[in-house]
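# Residue-level structure breakdown
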Amino acid sequence: MDGIKILHTGDLHLGMSFARSKLPAEIGRIRRQELWETFDRIIDTAKAEEVDLMLIAGDMFEYNYCTASDIKRINDRFARIPGTRVLIAPGNHDPALPDSLYNTCRWQPNVHIFRTSDICALELEGLGTTVWGLGWDRDYIVDPLLEGFKAADGGINILLVHGEVVPEGNTSDYLPIYLRHLAECGADYAALGHVHKGGVVEHGGRGTARYCTSPEPISFNEDGDHGICIGTVGKGFCDVKFLPIAKRRFITRRINPDPAGDAAEVLGQMKGHIMKEGEENLYRFLLEGAMDPGADLDTTYLAQAAQAFHVEVKNNTYIGYDLDAIMEEGQNSIMGAFAARILDQLDREGDLRRRAVLERALYIGLDALNGRKVVGR
Ligand SMILES: [Mn+2]
């Protein structure tokens with residue numbers, strides 16, 4: 001046996017409600033459907049690539065929102081890939097509690113669910129492979145359950161688990177995994193779920209461990225590419241690659257407007273990013289730096305005019321004051337009188353902490369007198 005073909009995914013969060021996300025309701029509804037579309041693309045990929053094993057590393061669905069008919073929909077998809085063994089290790093969002101749909105629904109014959117937090121071996125005859133898995137059966141797991149685990153020698157060994165890699169000795173409510181566990185467990189491939197940003201976990205030992213990413217990102221905390229891991233695993237070797245599959249990306253970009261610029265100039269910069277990255281994505285633009293007093297950046301207008309699937313704009317710019325010009329106005333304006341008094345105190349103040357307070361007071365006061373949002377500098 002040269003190796004087996006695997007598809008590693010997880011963190012699909014099917015059925016997720018975006019009600020508590022900060023996205024507009026309409027966008028949330030669309031994203032909810034798109035999670036399902038992306039699941040379909042994953043099934044299509046498994047079929048086209050004729051994978052032997054589909055490894056689902058937890059959080060496949062939402063315990064709180066998924067219904068029995070959703071599970072029927074999932075099973076219909078698994079029925080399309082009868083030649084693929086589907087192995088599922090439930091995670092913290094879909095724990096195999098007694099009333100879980102994992103325990104109350106009928107699953108396709110090609111599906112195996114690791115229903116308990118005791119690590120179990122599933123030997124796959126004909127594939128020369130043993131998959132070691134454990135599933136969440138409660139809401140929190142604080143114990144490092146992989147402590148002492150060692151795969152038996154012989155054949156290809158795969159570990160499937162949903163947990164959080166943390167530095168040795170650190171605590172976690174989400175099944176703490178130490179690098180040592182992965183380095184010493186003897187798995188040729190450790191299929192991990194929980195960290196939505198994904199990535200290979202460098203543990204310095206034998207075998208490869210990686211997080212698969214959430215195939216469809218669900219918040220602005222999940223930037224970058226999202227997809228699945230697919231490839232071949234054999235005894236002592238691993239050729240598994242990341243394959244982007246997400247329909248959209250969450251993109252956060254900082255924009256430093258020209259201090260003398262206006263909304264059109266800022267919009268031009270925003271559109272430049274959107275042209276480059278694609279209007280199908282979700283954007284958060286953070287406007288930063290100093291602006292001339294009087295600059296009118298209407299964030300609602302900017303978000304709509306940018307014309308991408310979803311755009312939000314946060315205006316963190318501050319007024320860049322020309323103190324000399326304000327001083328020249330002198331006592332003829334409230335701003336001038338205010339600035340003169342603070343600057344006079346600053347001249348006489350030697351204590352660094354007091355000086356910092358006075359400088360802050362100067363800008364907070366000028367912001368307030370300008371009727372602008374008071375921002376830190
Ligand atoms: Mn998750």
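Before going further, it helps to spend a moment on the nonpolar core. Core analysis: the largest hydrophobic core is formed by 40 residues, its most contacted members being Met54, Met60, Phe78, Ile88 and Trp107. The set of elements that each furnish at least two residues to this core consists of helix H1 (25-48), strand E2 (53-56), helix H2 (68-79), strand E3 (85-88), helix H3 (101-104), strand E4 (111-113) and strand E13 (227-234). Element by element, the count of residues in this core is highest for H1, at seven residues. Residues from two domains meet in this core; each of domain 1 (4-244) and domain 2 (250-319) gives at least three. Residues within four places of Met54 in sequence aside, it is in contact with Leu7, Thr9, Ile42, Ile43, Ala46, Phe78, Ile81, Thr84, Arg85, Val86 and Leu87.

The next point concerns the domain arrangement of the protein. Segmentation of the protein into domains returns domain 1 (4-244), domain 2 (250-319) and domain 3 (323-369). Look at where the C-alpha atoms of domain 1 and domain 2 centre, and you get two points 37 Å apart. Counting residues at the interface gives 12 residues for domain 1, matched by nine residues for domain 2. Where domain 1 abuts domain 2, roughly 880 Å² becomes buried across the two surfaces, and 77% of that area is made up of carbon and sulfur atoms. Joining domain 1 to domain 2, the criterion identifies zero salt bridges. At the surface where domain 1 touches domain 2, the tally comes to zero residue pairs in polar contact (both at pLDDT 80 or more).

Another point: the environment of Tyr174. Locating Tyr174 in the fold gives a position in the loop between strand E8 (164-165) and strand E9 (176-177). On the basis of relative accessibility, which here comes to 29%, the residue Tyr174 falls in the partly exposed class. With 166 residues separating them in the primary sequence, Tyr174 and Ala340 have C-alpha atoms 56 Å apart. Setting aside chain neighbours within four positions, we find Tyr174 in contact with Asn92, Trp136, Tyr140, Ile141, Gly163, Glu164 and His194.

Right, let's get into the coordination of the manganese ion. Around the manganese ion, the protein supplies Asp11 (OD), His13 (NE2), Asp59 (OD) and His196 (NE2) as donor atoms, at distances of 2.1 to 2.4 Å. The sequence pattern formed by the donor residues of the manganese ion is D-x1-H-x45-D-x136-H. Taken together, the residues His13 in the loop between strand E1 (4-9) and H1 and Asp59 in the loop between E2 and H2 connect sequence positions 46 residues apart. Grouping residues by exposure puts His13 and Asp59 together as buried.

With that out of the way, let us pick up the sheet that holds strand E16 (residues 282-287). Sheet strands associate in pairs through backbone hydrogen bonding, adopting either a parallel or an antiparallel arrangement. With parallel pairing, three strands are arranged side by side in an open sheet as E15-E16-E18. Taken across any chain shown, the strands that pair with only one partner, and hence form the sheet edges, are strand E15 (250-255) and strand E18 (310-315). On average, each strand axis in the sheet is tilted by 15° relative to the strand beside it, whichever way the strands run. Here E16 pairs with E18 via six bridges, running parallel. Counterpart to Leu287 in the pairing with E18 is Asn315. Along the sheet face, helix H6 (residues 299-306) touches E16 and E18 and points at about 150° away from the line of E18.

What counts, and at which threshold
- Residues numbered from 1 in each chain as written.
- Predicted model: local features only at pLDDT ≥ 70, side-chain atom pairs only at ≥ 80, totals over all residues.
- Heavy atoms only, no water.
- Core = buried A, V, L, I, M, F, W, Y, C linked by side-chain atoms within 4.5 Å.
- Buried < 20%, exposed > 50% of the residue type's maximum accessible area, 1.4 Å probe, protein only.
- Helix = DSSP H or I, 4+ residues; strand = E, 2+ residues; numbered from the N terminus.
- Domains from an automatic or database assignment.
- Contact = heavy atoms within 4.5 Å.
- Buried area = accessible area lost by both parts, 1.4 Å probe.
- Salt bridge = Lys/Arg side-chain N within 4 Å of Asp/Glu carboxyl O.
- Polar contact = N/O pair within 3.5 Å; in protein donor to acceptor, adjacent residues only side chain to side chain.
- Donors = N, O, S within 2.8 Å, 3.2 Å for Na, K, Ca; no water.
- Pairing = 2+ DSSP bridges.
- Axes fitted to C-alpha atoms, helices over the stretch in contact; angles between N-to-C directions.

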